[in-house]
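Chain residues, written in single-letter form:
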Amino acid sequence: MASPVAADSGRPFDRRVYAMVAHIPPGQLATYGQVAEMIGAWGCARQVGWALRRLPLPSAVPWHRVVNAQGRIAMSPGREGSDWMQRELLLAEGIAVAPDGSLPLARHRWHPPAALLPLAASSCTKD
DNA sequence: CCCCTGACCCTAA
DNA sequence: GTTAGGGCCAGGG
């Protein structure tokens, strides 16, 4: 498999999310809403979070580079500690993540190339 | 079909 | 700077 994108995802939406996240360079960050907009799924930030939740770990997809718009790691009991794993991975890439999950989002914000901008709007689940 | 929940976001206080 | 409320979309009971 030449692509880092997991092929075991049944939903087209999930694959779009993973493919986009795979473009985020090391040491840089994107928000859920940002990823949603980049695949043309405006307003579907929550679905992006769902897609990442369905992602089997470990994964070649750099899921840890996606945080919420508040500049904090999305902590939730349902994640079974993957949120803390995310903090460790970001620290390893040189991003100063505070113990409470807050981080300097503005300093590490990813600026995607125009080639990745959405060509058309898409639904959250459909292509 | 109704209700609740979720790795969200924006605005207002 | 942080917290609270309402809105958003899709899944599951």
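Residues numbered from 1 in each chain as written. Chains lettered and ligands numbered in written order. Predicted model: local features only at pLDDT ≥ 70, side-chain atom pairs only at ≥ 80, totals over all residues. Heavy atoms only, no water.

For chain A, an unreviewed UniProt entry supplies the name MGMT family protein and the organism Cyanobium gracile UHCC 0139.

Trainee: Could you give me a rundown of the state of the cysteines, with the residues and numbers involved?
Mentor: Two cysteines form a disulfide when their sulfur atoms are joined by a covalent bond. The full count for this structure, using the stated rule, is 1 disulfide. The partner cysteine of Cys44 in its disulfide is Cys124, sulfur to sulfur 1.7 Å. Taking the sign of the torsion about the S-S bond as the criterion, the disulfide between Cys44 and Cys124, at about -75°, is left-handed. One end of the pair, Cys44, is in the loop between α2 (32–38) and α3 (45–53); the other, Cys124, is in the segment after α5 (105–108), and 80 residues separate them in sequence. Taking the relative accessible area as the measure of exposure, Cys44 reaches 9% and is therefore buried. For Cys124, a relative accessible area of 15% gives the class buried. (Disulfide = S-S within 2.5 Å. Helix = DSSP H or I, 4+ residues; strand = E, 2+ residues; numbered from the N terminus. Buried < 20%, exposed > 50% of the residue type's maximum accessible area, 1.4 Å probe, protein only.)

Trainee: Break down the protein's contact with DNA strand C for me, with residues and values.
Mentor: The immediate surroundings of DNA strand C are formed by Arg46, Gln47, Trp50, Ser123, Cys124 and Thr125. Contact between DNA strand C and Gln47: a sugar or linking oxygen at 2.4 Å from a side-chain N or O atom of the residue. Tallied by class, the residues present in the surface near DNA strand C amount to 2 nonpolar, 3 polar and 1 charged. (Near = heavy atom within 4 Å. Polar contact = N/O pair within 3.5 Å; in protein donor to acceptor, adjacent residues only side chain to side chain. Nonpolar A, V, L, I, M, F, W, Y, C, P; charged D, E, K, R; others polar.)

Trainee: For the layout of surface pockets, give the residues involved together with the corresponding values.
Mentor: Here the largest pocket is characterised by a volume of approximately 480 Å³. Gly49, Leu52, Arg53, Arg79 and Ser82 are, among the 17 residues lining the largest pocket, the residues nearest its centre. Taken together, the elements giving at least two residues each to the lining of the largest pocket come down to α3 and α4 (82–92). Looking at the lining of the largest pocket, the element that brings in the most residues is α3, giving 4 residues. Classifying every residue of the lining of the largest pocket by side-chain character gives 9 nonpolar, 5 polar and 3 charged. Its volume calculated, the second largest pocket comes out at about 160 Å³. Along the walls of the second largest pocket sit 14 residues, with Arg16, Met38, Ile39, Pro118 and Leu119 positioned nearest its centre. Considering every element that reaches the lining of the second largest pocket, the biggest residue donor is helix α1 (residues 12–21), with 3 residues. Broken down by class, the residue content of the lining of the second largest pocket amounts to 10 nonpolar, 2 polar and 2 charged. (1 Å grid on protein atoms, 1.4 Å probe; cavity = no way out; pocket = protein on both sides within 12 Å on 5 of 7 lines; lining within 4 Å. Points joined across faces, edges and corners; volume = space filled by probe spheres on them.)

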